[in-house]
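Below, each chain spelled out in residue letters.
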Amino acid sequence: MKPKLENKTAIVTGAGSGIGRAIARRFAEEGACVVIAEIKSDTGKSAEEEIRKAGHKALFVETDVSVSKDVINMVEKTIQEFGKVDILVNNAGILVKKSILDMAEEDWDRVLDTNLKGAFLCIRHTVGHMMKQKKGKIVNISSMGAKIGLHNDCGYCASKGGIISLTTSLGIDLAPLGINVNAIGPGIIDTPMVNDVATQGKDFIKNGIEKTPRGVIGKPDDIAAAALFLASDESDFVVGQTFFVDGGFISV
Ligand SMILES: NC(=O)c1ccc[n+]([C@@H]2O[C@H](COP(=O)([O-])OP(=O)(O)OC[C@H]3O[C@@H](n4cnc5c(N)ncnc54)[C@H](O)[C@@H]3O)[C@@H](O)[C@H]2O)c1
């Protein structure tokens, strides 16, 4: 079967770990040149090495998605190395689990700057390249928390709700230009982020499994499969949607 992303270049933010790493790996297996835009150089480099060792093309660019100059550098390095950018996955994200009274202004800014402003900056600086070629795919990673809320996660849920609105709005603006903007809302996925929460809290994974109709928590590859669809030509008629991949969690 023909690889689904042959001759494509994809930037995946936060691709050193968890969901982003699985997306980068899957896209590379489908023929894409992959840019790993990651704030942590150790995990970013190891993701680059893993993909190259498997015989694919990858480039690590140390990037803090909340900082304009880093994002501009990320795009410049992508163009220098691979000549274009066809796909952007806004996956980098952080979780600050605090009650409203414990949530300092700095906590709020950090979450919103990474999860929402980061996506804006990455789109802002890549979209011109997509416009020139009259084609592009933008996949934003939201969360089921945007839809149903999560306990002591107000900043995170607000940022992920913002991602859904950004997706709807830019989906409409950019569709006439041949650029699809869509989002994925993962349920509970087995990654370092969730494992961190699980170490703080009381049967988090056990409760998650019980509340998920599918009876398991998800794997990063489950989200990578959805991202592949939204990044491929098969999703050309899908505009401004958020695709919840959650084992049925929010449907109950
Ligand atoms: N795991 C879940 O259950 C779950 C559920 C819903 C949504 N999500 C979302 O999926 C995305 C990936 O999460 P994950 O579970 O793989 O977590 P993770 O912590 O394993 O991965 C997040 C990655 O983003 C990177 N990152 C953080 N801040 C960054 C910044 N400013 N610039 C660049 N990179 C940065 C981290 O270093 C890390 O490599 C996040 O947006 C998260 O909110 C995860």
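Residues numbered from 1 in each chain as written. Predicted model: local features only at pLDDT ≥ 70, side-chain atom pairs only at ≥ 80, totals over all residues. Heavy atoms only, no water.

Asks: Any chance you could explain the packing of helix H1 (residues 18-29) against helix H9 (residues 220-231) here in plain terms?
Replies: A pair of packed helices can be characterised by two numbers: the angle between their axes and the separation between those axes. Direction vectors running N to C along H1 and H9 enclose 50 degrees, while the axes themselves pass 8 Å from each other. Taken together, the axes of H1 and H9 are oblique relative to one another. For the pair H1 and H9, the crossing hand works out as right-handed. In this structure, H1 uses Gly-18, Ile-19, Ala-22, Ile-23, Arg-25, Arg-26 and Phe-27 to contact H9, whose residues at the interface are Pro-220, Asp-221, Ile-223, Ala-224, Ala-225, Ala-227, Leu-228 and Ala-231. For the contact of H1 with H9, the residue count by class is 11 nonpolar, one polar and three charged. (Axes fitted to C-alpha atoms, helices over the stretch in contact; angles between N-to-C directions. Helix = DSSP H or I, 4+ residues; strand = E, 2+ residues; numbered from the N terminus. Parallel < 35°, antiparallel > 145°, perpendicular 65-115°, else oblique. Left-handed = near helix turned anticlockwise from the far one by under 90°. Contact = heavy atoms within 4.5 Å. Nonpolar A, V, L, I, M, F, W, Y, C, P; charged D, E, K, R; others polar.)

Asks: Please clarify how the environment of Ala-28 should be interpreted in this entry.
Replies: Note that Ala-28 resides in helix H1. A C-alpha to C-alpha distance of 8.1 Å links Ala-28 and Leu-5, two positions 23 residues apart in sequence. Leaving out residues up to four positions away in the same chain, Ala-28 has contacts with Val-34, Ile-51 and His-56.

Asks: Which parts of the structure should I look at to understand the site of the ligand?
Replies: Near the ligand there are 28 residues, and of these Ser-17, Glu-38, Asn-91, Tyr-156 and Thr-191 occur at the shortest range. With respect to the ligand, the backbone of Ile-39 contributes an N or O atom lying 3.4 Å from a nitrogen atom. Contact distances for the ligand include 3.3 Å between a nitrogen atom and a backbone N or O atom of Thr-63. If the ligand stood free it would expose 820 Å²; the protein chains cover 93% of that surface. Looking at the shell around the ligand element by element, the count peaks at three residues for helix H7 (residues 192-200). Looking at the shell around the ligand residue by residue, the class counts come to 13 nonpolar, 11 polar and four charged. (Near = heavy atom within 4 Å. Polar contact = N/O pair within 3.5 Å; in protein donor to acceptor, adjacent residues only side chain to side chain. Areas by Shrake-Rupley, 256 points an atom, 1.4 Å probe, with all protein chains shown as cover.)

Asks: How do you make sense of the side chain of Asn-91 when you look at a structure like this?
Replies: Considering the arrangement of structural elements, one finds Asn-91 in the loop between strand S4 (87-90) and helix H4 (105-132). Asn-91 gets classed as buried once you look at its relative accessible area, which sits at 11%. When neighbours within four sequence positions are excluded, Asn-91 is seen to be in contact with Thr-13, Gly-14, Ile-19, Gly-20 and Ile-141. (Buried < 20%, exposed > 50% of the residue type's maximum accessible area, 1.4 Å probe, protein only.)

Asks: I keep staring at the sheet that holds strand S5 (residues 136-141) and nothing clicks. Help me out?
Replies: By definition, the strands of a sheet pair up through backbone hydrogen bonds, in either a parallel or an antiparallel sense. On the basis of which strands lie adjacent, the open sheet formed by seven strands has the order S3-S2-S1-S4-S5-S6-S7 and parallel pairing. Strand pairing shows two members of the sheet lacking a second neighbour, strand S3 (58-62) and strand S7 (242-245), which therefore form its edges. Strand after strand, the sheet turns through a mean of 20 degrees between neighbouring axes, direction not considered. Looking at chain direction, strand S1 (residues 9-13) and strand S2 (residues 33-38) are connected through five bridges and run parallel. Within S2, the residue paired with Thr-9 across the bridge is Cys-33. This element, helix H6 (residues 154-174), spans S5, strand S6 (179-186) and S7 of the sheet and lies at about 160 degrees to S6. (Pairing = 2+ DSSP bridges.)

Asks: How should the packing of H4 against H6 be read in this particular structure?
Replies: Packing of H4 against H6 leaves a shortest axis separation of 8 Å and a crossing angle of 20 degrees. Classified by the angle their axes make, H4 and H6 are roughly parallel. The two elements H4 and H6 cross, and the hand of that crossing is right-handed. On H6, the residues touching Trp-108, Val-111, Leu-112, Asn-115, Leu-116, Ala-119, Phe-120, Ile-123, Val-127 and Met-131 of H4 are Cys-154, Gly-155, Tyr-156, Ala-158, Ser-159, Lys-160, Gly-162, Ile-163, Leu-166, Leu-170 and Leu-174. A breakdown of the residues in the contact of H4 with H6 according to their chemical character gives 16 nonpolar, four polar and one charged.

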